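Observations on the model geometry
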Amino acid sequence: MKDPVFDLIEQEKIRQSEGLELIPSENYVSKDVLSAMGTILTNKYSEGYPSFEGIPGWDEAKIAQEILPNYRYYGGQTNIDRIERLAIDRACRLFNADHANVQPHSGANANEAVYYAWCEPGDKILAMSLPAGGHLTHGSPVTRSAKIYHFIDYGVDENGDIDYDELEKKALKEQPKIILIGYSAFMKIPDFERVAKIGAKIPNCLLMADMAHVAGLIAGKAHPNPLDYGFHVMTTTTHKTLRGPRGGLILSRGNVASPLKKPEKTLENIPILIDRAVFPGTQGGPLEHIIAGKAVSFGEALKPEFKTYAKNIVENAKTLAKALKQKGLILQGDGTENHLILVNIKASFNIDGKFYERALDEIGLTLNANALPSDKGGAFRPSGVRLGTPAITTRGFGQKEMQIIADWMKEVALICQKAESEENLKDYSESLAKLRNEVRDLALKFPVPSI
Ligand code: DSN
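Small disclaimer: the values here were computed from a predicted structure and weren't measured.

1. Quick notes on the pairing of strand S9 (residues 233–237)
Within S9, five of the five residues are buried, which leaves it mostly tucked inside the rest of the structure. Here S9 shows no split at all, with Val233, Thr235 and Thr237 on one side and Met234 and Thr236 on the other all buried. Looking at chain direction, strand S8 (residues 206–210) and S9 are connected through three bridges and run parallel. Counterpart to Asp210 in the pairing with S9 is Thr235.

2. Concerning the nonpolar core
Ranked by size, the top nonpolar core spans 52 residues in total, and within it Phe95, Ile179, Ile181, Met211 and Leu251 carry the most contacts. Top element by residues in this core is helix H4 (residues 78–95). It accounts for six residues.

3. With respect to helix H1 (residues 4–18)
For H1, which comprises 15 residues, the first-to-last C-alpha distance of 21 Å matches the rise-based estimate of 21 Å (1.5 Å per residue) to within 8%. In this structure Asp3 caps H1, since a side-chain oxygen of it lies 2.9 Å from the backbone nitrogen of Val5.

4. Observations regarding the sheet that holds strand S12 (residues 340–344)
Read across the sheet, four strands follow the order S11-S12-S15-S14 without closing on themselves; strand pairing throughout is antiparallel. Whereas interior strands pair on both sides, the edge strands pair on one side only; in this sheet they are strand S11 (330–331) and strand S14 (368–370). Pairing of S14 with strand S15 (residues 384–388), which is carried by three bridges, proceeds in the antiparallel orientation. Bridge pairing links Asn370 to Gly384 in S15. Its contacts with the sheet put helix H12 (residues 304–326) on S11, S12 and S15, and the angle it makes with S12 is roughly 15°.

5. Re the site of the ligand
Around the ligand lies a shell formed by Ser25, His135, Ser184, His213, Lys240 and Arg386. With respect to the ligand, the side chain of Ser25 contributes an N or O atom lying 2.7 Å from an oxygen atom. The side chain of His135 places a nitrogen or oxygen atom 2.8 Å from an oxygen atom of the ligand. Here the ligand, which alone exposes 230 Å², has 65% of that area covered by the protein. The residue inventory of the shell around the ligand, partitioned by class, reads no nonpolar, four polar and two charged.

6. Thoughts on the packing of aromatic side chains
Considering all chains together, one arrives at nine aromatic pairs under this definition. On the basis of an interplanar angle of 80° and a centroid distance of 5.4 Å, the ring pair of Phe192 and Phe231 is categorised as edge-to-face. Here Phe192, found in helix H8 (residues 192–200), pairs with Phe231, found in the loop between helix H9 (215–219) and S9; they are 39 residues apart in sequence, far enough to count as distant. Among the aromatic side chains, those forming a connected cluster through ring pairs are Tyr115, Tyr149 and Phe151. Directly above the aromatic system of Tyr309 lies the positively charged group of Arg243, at a separation of 4.0 Å from the ring centroid.

7. Points about the packing of helix H7 (residues 164–174) against H8
Interaxial distance between H7 and H8 falls to 10 Å at its minimum, and their mutual angle equals 15°. What the angle tells us is that H7 and H8 run roughly parallel. Crossing of H7 against H8: the hand is right-handed. On H8, the residues that touch Tyr164, Asp165, Leu167, Glu168 and Ala171 of H7 are Arg194, Val195 and Ile198. When grouped by side-chain class, the residues that make up the contact of H7 with H8 number five nonpolar, no polar and three charged.

8. Remarks on the sheet that holds strand S10 (residues 248–252)
What the seven strands build is an open sheet, ordered S4-S10-S9-S8-S7-S5-S6; its pairing is mixed. Lying at the two open borders of the sheet, with one neighbouring strand each, are strand S4 (99–101) and strand S6 (150–154). On average, each strand axis in the sheet is inclined to that of its neighbour by 20°, with strand direction left out of account. Sheet strands touched by H7: strand S5 (124–128), S6 and strand S7 (178–182). Its angle to S6, the strand with the most contacts, is close to 155°.

9. Some thoughts on the environment of Tyr229
Within the element layout of this structure, Tyr229 appears in the loop between H9 and S9. In this structure, the C-alpha to C-alpha distance between Tyr229 and Ala196, residues 33 residues apart in sequence, is 6.8 Å. In this structure Tyr229 touches Phe192, Glu193, Ala196 and Pro224, once residues within four positions along its chain are discounted.

10. Quick notes on the pattern of salt bridges
Within the structure shown, the criterion is met by 29 salt bridges. A salt bridge links Asp165 to Arg194; the shortest N-O distance between them is 2.8 Å. A residue pair is termed long-range when its members are at least 10 positions apart, and Asp165 in helix H7 and Arg194 in helix H8 qualify at 29 residues. Judged by relative accessible area, Asp165 falls into the exposed class, the value being 54%. Of the charged contacts, one joins Arg381 and Glu422 as a salt bridge, the two residues approaching to 3.2 Å between their closest N and O atoms. A residue pair is termed long-range when its members are at least 10 positions apart, and Arg381 in the loop between S14 and S15 and Glu422 in the loop between helix H16 (399–419) and helix H17 (429–445) qualify at 41 residues. Assessed through its relative accessible area of 37%, Arg381 is described here as partly exposed.

11. A look at unusual backbone geometry
Residue Pro280 is bonded to the preceding Phe279 through a cis peptide linkage, with omega at 10°. Tracing the sequence through the fold places Pro280 in helix H10 (residues 270–282). The phi angle at Lys221 is positive, at roughly 60°, despite the residue not being glycine. Position of Lys221 relative to the elements: it lies in the loop between H9 and S9.

12. Comments concerning the packing of H16 against H17
Interhelical geometry of H16 versus H17 gives an angle of 165° and a closest axis separation of 11 Å. Regarding the angle of H16 to H17, the classification is roughly antiparallel. Of the two elements, H16 crosses H17, and the hand of that crossing is left-handed. Contact residues: H16 offers Glu401, Ile404, Trp408, Glu411, Val412 and Ile415, while H17 offers Ser431, Leu432, Leu435, Glu438, Val439 and Leu442. Residues that form the contact of H16 with H17 fall into these classes: eight nonpolar, one polar and three charged.

Procedures and definitions
- Residues numbered from 1 in each chain as written.
- Predicted model: local features only at pLDDT ≥ 70, side-chain atom pairs only at ≥ 80, totals over all residues.
- Heavy atoms only, no water.
- Buried < 20%, exposed > 50% of the residue type's maximum accessible area, 1.4 Å probe, protein only.
- Helix = DSSP H or I, 4+ residues; strand = E, 2+ residues; numbered from the N terminus.
- Pairing = 2+ DSSP bridges.
- Core = buried A, V, L, I, M, F, W, Y, C linked by side-chain atoms within 4.5 Å.
- Expected span 1.5 Å × (residues − 1).
- Polar contact = N/O pair within 3.5 Å; in protein donor to acceptor, adjacent residues only side chain to side chain.
- Contact = heavy atoms within 4.5 Å.
- Axes fitted to C-alpha atoms, helices over the stretch in contact; angles between N-to-C directions.
- Near = heavy atom within 4 Å.
- Areas by Shrake-Rupley, 256 points an atom, 1.4 Å probe, with all protein chains shown as cover.
- Nonpolar A, V, L, I, M, F, W, Y, C, P; charged D, E, K, R; others polar.
- Phe/Tyr/Trp six-rings, centres within 6.5 Å; stacked < 30°, edge-to-face > 60°.
- Lys NZ or Arg CZ within 6 Å of the ring centre and 35° of its normal.
- Parallel < 35°, antiparallel > 145°, perpendicular 65-115°, else oblique.
- Left-handed = near helix turned anticlockwise from the far one by under 90°.
- Salt bridge = Lys/Arg side-chain N within 4 Å of Asp/Glu carboxyl O.

The following block contains the structure:
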């Protein structure tokens, strides 16, 4: 009997094809990325690293042919080393970095490895608070890191921008070991230069940027790169705007050398400290099938057409934000400078984010309820919803389709307003079914690349 898992995968293919993905942290990989992931590379153990020695910088043809020296704990690495080395070199080119560690299994693992590389238990880390738009891994008390390190937070001002004065005041007072700029619900472009100047006043302060959401925009030159402004480390996931496989990545500036020798804790040695912190510090065997997928996606992001893609993501987000505002939806920060939009649906239509998320799901628009800064509704009944344009831009959506999505979102908000509760949505099933058909018709005109 066929394993029912495969039927469920087929169902999920239909859901993805017939619906529209508006969650700003999701995307659709290419066929090539998908093929690289589903390979026999999953059979191999390869703890350790390929060497950096004796290889001409960024000569892909040579890397693909030459037998590389390595620091691995298992034999049989001939092909694995070349694949991982291609991933590392492409990542460095893409983000203008001296070093890349492509092994983190996720963004959370990448962040944890950086804290472990640079901090001792009890050291201070200054990061954006979760309600302001920061991420769980930036010091939420429910995480392991928060039990080990001492997180201090900064927030956003009334315009939704980082409160740089607060950040500076706290940084100078607390003298943190890390200043972290990163977020999962923030619509502005950070002033990296200003933060780098603040960090330079604090001895041995590591400047870290968690750019998981905007890494693809940085790669496509539609967003500034923190490493160009004096930041030492940038972490990211590889599956959001970057459009690679689900996973993590750490980019850094500094000396690149053997991870075997224990280096002194200096900012110049950050690449080696990070390698040691990923393996053996916090992870075991790397997922080489996923690293192959990362290598392929980085190759795609190095192509000129990726710049167009990144530009279109931002243009679409700005158009969608404007259209939503025209329809009476109130936006946190009054709009967006990146790919992400945060709607205060409570203030707009007096409905909560979870109710609105569920009603939009009914018509095939997927986004997520999200707390707003100083939200009274908590994580389960927040006042906002978060949406974004990376996935629909991959499908080829443009300005015209943004207007149509804004129309649908307004119609569903009005239905929710009239229904007043989720149970009463059944009274509007005809209207919702009509919208569901419209979403499906449009979605099918723009196929998902890997399906
Ligand atoms: N879960 C991701 C997001 O949706 O923003 C962040 O890790």
